[in-house]
There are 4 protein chains.
Amino acid sequence: MVEIIEYQPKRSELGYTFGGRTPVLRIHPGGILGVACEDCFGGRIRTGTDLPSAVCDPQRLNPISGPFHIVGAEPGDTLAVHLVAIEPARDWGVSATYPAFGALTGTHQTPNLQPLLAERVWIYPIDQDTNTVRYQDTNGLHHVHLPLEPMIGTIGVAPAAGEVRSTVVPDTHGGNLDIPQVRPGTTVYLPVNVDGALLALGDAHARQGDGELCGVAVEIAAHVTLLVDLVKGMTIPGPRLESDTHLMSVGCARPLEDAYRISQADLVTWTQDLTGLDPLDAYQLVSQAGTAHIGNVCDPNYTLVAAIGKTTLPGVIAFDGLHQRLRTTAAVLG
Amino acid sequence: MVEIIEYQPKRSELGYTFGGRTPVLRIHPGGILGVACEDCFGGRIRTGTDLPSAVCDPQRLNPISGPFHIVGAEPGDTLAVHLVAIEPARDWGVSATYPAFGALTGTHQTPNLQPLLAERVWIYPIDQDTNTVRYQDTNGLHHVHLPLEPMIGTIGVAPAAGEVRSTVVPDTHGGNLDIPQVRPGTTVYLPVNVDGALLALGDAHARQGDGELCGVAVEIAAHVTLLVDLVKGMTIPGPRLESDTHLMSVGCARPLEDAYRISQADLVTWTQDLTGLDPLDAYQLVSQAGTAHIGNVCDPNYTLVAAIGKTTLPGVIAFDGLHQRLRTTAAVLG
Amino acid sequence: MVEIIEYQPKRSELGYTFGGRTPVLRIHPGGILGVACEDCFGGRIRTGTDLPSAVCDPQRLNPISGPFHIVGAEPGDTLAVHLVAIEPARDWGVSATYPAFGALTGTHQTPNLQPLLAERVWIYPIDQDTNTVRYQDTNGLHHVHLPLEPMIGTIGVAPAAGEVRSTVVPDTHGGNLDIPQVRPGTTVYLPVNVDGALLALGDAHARQGDGELCGVAVEIAAHVTLLVDLVKGMTIPGPRLESDTHLMSVGCARPLEDAYRISQADLVTWTQDLTGLDPLDAYQLVSQAGTAHIGNVCDPNYTLVAAIGKTTLPGVIAFDGLHQRLRTTAAVLG
Amino acid sequence: MVEIIEYQPKRSELGYTFGGRTPVLRIHPGGILGVACEDCFGGRIRTGTDLPSAVCDPQRLNPISGPFHIVGAEPGDTLAVHLVAIEPARDWGVSATYPAFGALTGTHQTPNLQPLLAERVWIYPIDQDTNTVRYQDTNGLHHVHLPLEPMIGTIGVAPAAGEVRSTVVPDTHGGNLDIPQVRPGTTVYLPVNVDGALLALGDAHARQGDGELCGVAVEIAAHVTLLVDLVKGMTIPGPRLESDTHLMSVGCARPLEDAYRISQADLVTWTQDLTGLDPLDAYQLVSQAGTAHIGNVCDPNYTLVAAIGKTTLPGVIAFDGLHQRLRTTAAVLG
């Protein structure tokens, strides 16, 4: 019988950093966790007149639920988090232009002297029956239903080297990855940097475009169901993902080509480790068969995903088949 | 009855620049062109022992066929090139590690002091029956069939401002875009910078991974069939693409986030022009519904594609429906 | 009578993060601090055969002395640290090529597949009489004396938003700036993010070239004398510097143009605030009269300095004349 | 007796590309050239109400005088151009904010959706007696005299590989370098890519700040005196500079760190070639003794200069002492 834990944070328990916080729960490898996550604005934007700069504290964006102490996790291990379900907690999501944030505006990291873009809020009704969200422009000219494709924007562990990072930052510890592939059916692998790993997550999206262009997805509060497991004695340099069909490596960096290089170089190395190919042959195979997927081009680090299809690597089993075992467990839950 | 033209260049007629060359043919808008294209190595690499640095002149890579003078094209117009078919001319393709080229090595633009990667060639047999190419590693450990997905790596017109650019460079005139979406069924729109536009193309790929990681795709010679047309009096800032399902804008720049910004900003502007949305509403719609696709992360400029599905823009017709008319013509040909 | 404090950390008291640590001392504004700083390798490399990867823990590089609690410092204030003297603690300095670190090699942030550069150590004898350090190549072909120009590589405060950052990182809290202008005679201004500010410093350099090309300067342990003061109720967005002749703003970012933009934009804003010029006039003045100085192009963020000469801004007094008052105090000490 | 040539272009003879043009004159190595250069706006902006977007053709900015055919220059040689004098042709210079151009605004390469900065012109009276230019803000609040430090913004040769490049672009052929070190007393070395080299120049500046922040320096028309010479059979990968005190390598690229890498890597290689040091020892020496100077952070490629003092390389003679011989000749002229 697996351990089943539900966690609903009080508002005061929400976190704004990875690292530097006391665990809220202990979970054993193999355990199942149900966790309530607020949206990136802490639920404070509920109508088109709730402007982020008026209702949000800029140092308290992107709240996360956790951290969860994974029993037995030690530096040098890899944490596996299988996403079973992401259920919207409300019947709407929200997006916005946030001052000095987004890919098509000056920001604190890419400043300019031009007047800022106007701040505006869009509310997206969610229709669970049709699995869509509804876009409506400000002037009532145009509306369209877009697929509801729930994902987790922010998931990570305590960083290495005693660092504590804001939840708006993605890096090798995970964090604000904003990658659509972090969705139900995916296993997220994260390096364990401290005893207990200290997993935390939040910032669900009903959907997002590639790159999270304006800096804000269709943000939702959500109930997330996940399976937690541990790969003892195996280290990874940064986040990796696995779906039924693909192996994926994540790169977090600026400029964006460095995120590309990090993700692709890790995928080449991983391919090499799994297949025994020599380095140039692995480089060649990923060059022709690999894909690249843009997570965010707006956060303090940009994120890119390098992916290779499992059919390209016949017979290869990653992490000793853990993803498949987690899928099987998840199927029983469903 | 449409004009039908076949063009097979002599080796001496191959070009290595966009601009600066005399047209080889005149084509009327509405014309059909069948053109033979060499591979990026000029067909000089035929076995695993033909190393690029030994058999190729570094200033004569990426040969193109053309240029073709499009009758009536003037600066301020937009050229439309609909790709009907790309047929491999040989039963193999070739890839390689080329010295100081590729995303995971130092290059002339990103130099370092480390020893260079070894130069190596991979030959990919093409199986037209199964529509695959066959990857085989150097040590005989691993082989796999990958989908044959022919595309044109290099297509463009004479640049603006009297410039002449090497065929290895992608920019607002097109050129070495290395974008998988430039495939049969796609219409490529290019700005006309000089009288006659001076279209040229080459560098077909049997397939490539996203980013053309090692700098070289599965390179093939090919016979390309295309329809040429003209949008008079309409200017575009750089290449755009249209398929049956998507509108796409292309950005060419370094660093990669600038290619992202260029492509997404153009798609926002285009969306705004087509729908009448205000700028922030168009920004918002593309932010949630848009996708981004990586072309190359190895050429002198990187390329990114911003795309939006036509179902997201119901009732919208781009370029006065030209793509659909070209599709209809192409269907008759097929 | 001013407060005078000497601080000599035990090895166990050395810190490896900004933030997350208990103050070692309390200092009142106006106080004088004498502090012993280890070199970036913790003094572990003493001969050419002490390779960094063999003798150093990669998570314990760049030790700092402190943090010092500045009495009365609160978020919203600006901390002023005037550097009076930096005296080498030993009669030698050390440099090295460190694996996967430096501007002309692949790194964890800009990875490649090439073989790594060799690891090598250079010892630089310091001659206090001639104020030089002596470069000697490995094969005894060439030696030359270079000016001894002591500077502090790493100086900062606790970061904002509850973050804790490794001492190898420069950012808005200061940290591993690696800027030659952080030298005796300069006042360093830092934003106060937490009560007490929590100043710490280390990583002295006998000298460095612009950009710290190979990633390692001529690293020294040093005794540093500094004056500490406080500007109440005035916030700055990141580090600023003031010398007798120049006002300077520091930008920390990747890519390097973003560090340029941050530093220059802050200098434009600062110029505007000090002179009453309109924004475009301040932009124009800095455009023609400003200079830019490269700190590092190797750390997790690169650093650039924007500077403007005080003769360009006649009558302008920054921070209410604090730098001049600190200079006067320092002169008495000298 | 040396050859002395004066060249004053008619307006119709001004060029807007490097490459693609017929030589206006033939000059023998060892010849002296006096050449009149227009300012970057072609002299069209003469008062504060002449806005660039109104009076200039965006495809005809940055006019150059030339090209000059250097007799005997062949691909594989290096052209040496020693700058003897740069004399302002008028008693004023001009700067401006140009739409979508400059480092602190969105541009065509780094677009955003914010409103553009206002377009504005500043006229700088030149005082030859005090060797200054006079800055005056728009509202009459502030004026200051800045040193007159004439330099050539744009100097280059025909590019390699049959390319023709706009005069606004800097790259390995030179072009719009916008580097303050290109001033009287400096020898500029350029690779010869075509027979006759096809030297051209223009775009003089009365002065500029580092990075040419707003995109426009204090632009002047000028009479330039230069000595032309040739280093037969020696190739360089891009522009190099030599003054009485320094050897310098120029890097042109985006992002800015790549311009840094290119310039520093070339300086390391050059140092190695001149001294016989092994590569890592040369890397180390440049790391501690080298400096870096920012040219532009606004043009299609950014430019950085890596420099090393000649006192650091005792006994070293570059290009067989050509700079010193040209200095001697220039001294006779003066």
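Residues numbered from 1 in each chain as written. Chains lettered and ligands numbered in written order. Predicted model: local features only at pLDDT ≥ 70, side-chain atom pairs only at ≥ 80, totals over all residues. Heavy atoms only, no water.

## What about helix H4 (residues 322-333) of chain C?
Residues and elements named next belong to chain C.
- Along its twelve residues, H4 runs 17 Å from first to last C-alpha, staying within 8% of the 16 Å computed at 1.5 Å per residue.
- Of all the residues in H4, the buried ones are Leu322, His323, Leu326 and Ala330. All buried residues of H4 project into a common sector of 95° when viewed along the axis, lining one side. Away from its buried face by more than 90 degrees, H4 exposes Ala331 and Val332.
- Buried residues belonging to H4 abut strand S6 (78-88), strand S15 (187-191), strand S18 (222-231) and strand S19 (240-242). (Helix = DSSP H or I, 4+ residues; strand = E, 2+ residues; numbered from the N terminus. Expected span 1.5 Å × (residues − 1). Buried < 20%, exposed > 50% of the residue type's maximum accessible area, 1.4 Å probe, protein only. Arc of directions from axis to C-beta. Contact = heavy atoms within 4.5 Å.)

## Let's talk about the side chain of D:Thr303
Residue and element names in this part refer to chain D.
- With respect to the element layout, Thr303 can be found in strand S22 (residues 302-309).
- Judged by relative accessible area, which is 0%, Thr303 ranks as buried.
- Reaching out from Thr303, the side chain makes a polar contact with the backbone oxygen of Leu177 at a distance of 2.7 Å.
- Setting aside anything within four residues of it in sequence, one finds Thr303 in contact with Pro170, Leu177, Asp178, Ile179, Gly251, Cys252, His293, Ile294, Gly295 and Asn296. (Polar contact = N/O pair within 3.5 Å; in protein donor to acceptor, adjacent residues only side chain to side chain.)

## Looking at the packing of aromatic side chains
- Inspection of every chain in the model, using the stated rule, returns 20 aromatic pairs over all chains.
- Ring centres of A:Tyr98 and A:Phe101 lie 6.5 Å apart, and the angle between their planes is 90°; this geometry places the pair in the edge-to-face category.
- Pairing B:Tyr189 with B:Phe319 gives two aromatic rings, centres 3.8 Å apart and planes at 25°, and the pair type is stacked. Of this pair, B:Tyr189 sits in strand S15 (residues 187-191) while B:Phe319 sits in the loop between strand S22 (302-309) and helix H4 (322-333), and the two are 130 residues apart along the sequence. B:Phe319 shares its class with B:Tyr189; the two are buried.
- Members of the aromatic cluster, connected to one another through ring pairs, are A:Tyr189, A:Trp270 and A:Phe319.
- Positioned over the ring face of B:Trp270 is B:Arg240, at 4.4 Å from the centre of the ring. (Phe/Tyr/Trp six-rings, centres within 6.5 Å; stacked < 30°, edge-to-face > 60°. Lys NZ or Arg CZ within 6 Å of the ring centre and 35° of its normal.)

## Regarding the interface of chain A and chain B
- On the chain B side, the residues contacting the 64 residues of chain A number 64 residues.
- With both sides pooled, the region where chain A packs onto chain B buries about 5,100 Å², and carbon together with sulfur makes up 60% of that total.
- Summed over the three residues of chain A that lose the most area to chain B, namely A:Tyr260, A:Tyr283 and A:Gln288, the buried surface amounts to 15% of that side.
- The tally of links from chain A across to chain B stands at four salt bridges.
- Residue A:Asp278 is joined to B:Arg120 by a salt bridge in which the shortest nitrogen-to-oxygen separation is 3.0 Å.
- Summed over the shared surface of chain A and chain B, the result is 41 residue pairs in polar contact (both at pLDDT 80 or more).
- Contributions of two or more residues to the side of chain A that touches chain B are made by strand S7 (92-97), strand S8 (120-127), strand S10 (143-147), helix H2 (256-275), helix H3 (279-289), strand S21 (291-294) and strand S22 (302-309) of chain A.
- Among the residues forming the side of chain A that touches chain B, the class breakdown is 35 nonpolar, 20 polar and nine charged. (Buried area = accessible area lost by both parts, 1.4 Å probe. Salt bridge = Lys/Arg side-chain N within 4 Å of Asp/Glu carboxyl O. Nonpolar A, V, L, I, M, F, W, Y, C, P; charged D, E, K, R; others polar.)

## Thoughts on the domain arrangement of chain A
All names here are of chain A.
- Domains assigned within chain A are domain 1 (5-231) and domain 2 (240-333).
- Computed from C-alpha atoms alone, the centre-to-centre distance between domain 1 and domain 2 is 22 Å.
- Contacts between the two partners involve 34 residues from domain 1, matched on the other side by 28 residues from domain 2.
- For the pairing of domain 1 and domain 2, the buried interface totals around 2,600 Å² over both sides, and the portion due to carbon and sulfur atoms is 65%.
- Among the residues domain 1 hides against domain 2, the three largest losses belong to Gln109, Gln181 and Tyr189. Together they make up 22% of the total.
- Counting across the domain 1 and domain 2 interface gives zero salt bridges.
- At the surface where domain 1 touches domain 2, the tally comes to 13 residue pairs in polar contact (both at pLDDT 80 or more).
- At the level of secondary structure, the elements contributing two or more residues to the side of domain 1 that touches domain 2 comprise strand S6 (78-88), strand S13 (170-171), strand S15 (187-191) and strand S18 (222-231).
- Broken down by element, the side of domain 1 that touches domain 2 gets its largest block of residues, four residues, from S6.
- Across the side of domain 1 that touches domain 2, the residue classes break down as 16 nonpolar, 13 polar and five charged. (Domains from an automatic or database assignment.)

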